[in-house]
Amino acid sequence: MSKGPNSKNDVLDYAGARAGSVTDLADGSLQGQNRTSGIMDDAQNRVEIWNEKNPLNKITNDEVKKAIAEDIVRRVAEVRKLDVTDPEVRQEIFESERYTALSGVRSAADKICPE
């Protein structure tokens, strides 16, 4: 049995990584319907459980968008062999990938956390 999340950030990191893992970095689309569906359902389940157990500290759709975007920026930086800890690099990736790798963030976040 897996250990539950320890913090809100743990759940956000998990959801972001799960969505980021199935995001095509070329165009932002989600890859492979069968694989993607299970992964997105898993991330959605984690967020729902957190929100049920922590009604005063719920995860929001905007927080999920940010977590997914951060994961994708990290993945793009790794592919390009750039320093993801450099704020200028992160901003450059965010701006350059807005219409490609990051274009699907909103729809992925809406699937994981519709509210």
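Residues numbered from 1 in each chain as written. Predicted model: local features only at pLDDT ≥ 70, side-chain atom pairs only at ≥ 80, totals over all residues. Heavy atoms only, no water.

Caption draft 1: The arrangement of helix H3 (residues 61–80) in detail. With 20 residues, H3 should cover 28 Å at 1.5 Å per step; its first-to-last C-alpha distance of 29 Å lies within 8% of that length. Taken residue by residue, H3 has Asn61, Val64, Ala67, Ile68, Ala69, Asp71, Ile72, Val73, Val76 and Ala77 as its buried positions. Against the buried residues of H3 lie helix H1 (8–21), helix H4 (87–96) and helix H5 (105–112). Downstream of H3 by a residue or two, Lys81 has a phi angle that is positive, lying close to 60°. (Helix = DSSP H or I, 4+ residues; strand = E, 2+ residues; numbered from the N terminus. Expected span 1.5 Å × (residues − 1). Buried < 20%, exposed > 50% of the residue type's maximum accessible area, 1.4 Å probe, protein only. Contact = heavy atoms within 4.5 Å.)

Caption draft 2: Structural detail: the side chain of Glu97. Tracing the backbone through its elements, the reader meets Glu97 in the loop between H4 and H5. On the basis of relative accessibility, which here comes to 8%, the residue Glu97 falls in the buried class. Aside from chain neighbours lying at most four places away, what touches Glu97 is Leu25, Val76, Arg80, Leu102 and Ser103.

Caption draft 3: Main features of the nonpolar core. Of all hydrophobic cores here, the largest spans 28 residues; its most connected members are Val47, Ile59, Val64, Ile68, Ile72 and Ile112. Put simply, the parts of the chain that give this core at least two residues each are H1, helix H2 (33–53), H3, H4 and H5. Looking at this core, the element that brings in the most residues is H3, giving 8 residues. Excluding residues that lie within four positions of it along the chain, Ile68 makes contacts with Ala15, Gly16, Ala19, Val105, Ala108, Ala109 and Ile112. (Core = buried A, V, L, I, M, F, W, Y, C linked by side-chain atoms within 4.5 Å.)

Caption draft 4: Structural context of the pattern of salt bridges. Tallied over the full model, the rule gives 9 salt bridges. Between Glu97 and Arg80 there is a salt bridge, with its nearest N and O atoms 2.3 Å apart. In this pair, Glu97 sits in the loop between H4 and H5 while Arg80 sits in helix H3, placing the two residues 17 residues apart along the sequence. In this structure Arg80 comes out as partly exposed when scored by relative accessible area, which is 35%. A cluster of three or more residues bridged by salt bridges with shared partners is formed by Asp71, Arg74, Arg75 and Glu78. (Salt bridge = Lys/Arg side-chain N within 4 Å of Asp/Glu carboxyl O.)

Caption draft 5: Spatial organisation of the packing of H1 against H3. Running from amino to carboxyl end, H1 crosses H3 at an angle of 55°, the nearest separation of the two axes being 8 Å. Considering the angle they form, H1 stands oblique to H3. Considering the relative orientation of H1 and H3, their crossing is right-handed. The segment H1 lies against H3, with Lys8, Leu12, Ala15, Gly16, Ala17, Ala19, Gly20 and Ser21 engaging Glu63, Val64, Ala67, Ile68, Asp71, Ile72 and Arg75. Among the residues making up the contact of H1 with H3, the classes are represented as 8 nonpolar, 3 polar and 4 charged. (Axes fitted to C-alpha atoms, helices over the stretch in contact; angles between N-to-C directions. Parallel < 35°, antiparallel > 145°, perpendicular 65-115°, else oblique. Left-handed = near helix turned anticlockwise from the far one by under 90°. Nonpolar A, V, L, I, M, F, W, Y, C, P; charged D, E, K, R; others polar.)

Keep in mind these values describe shape, not function.
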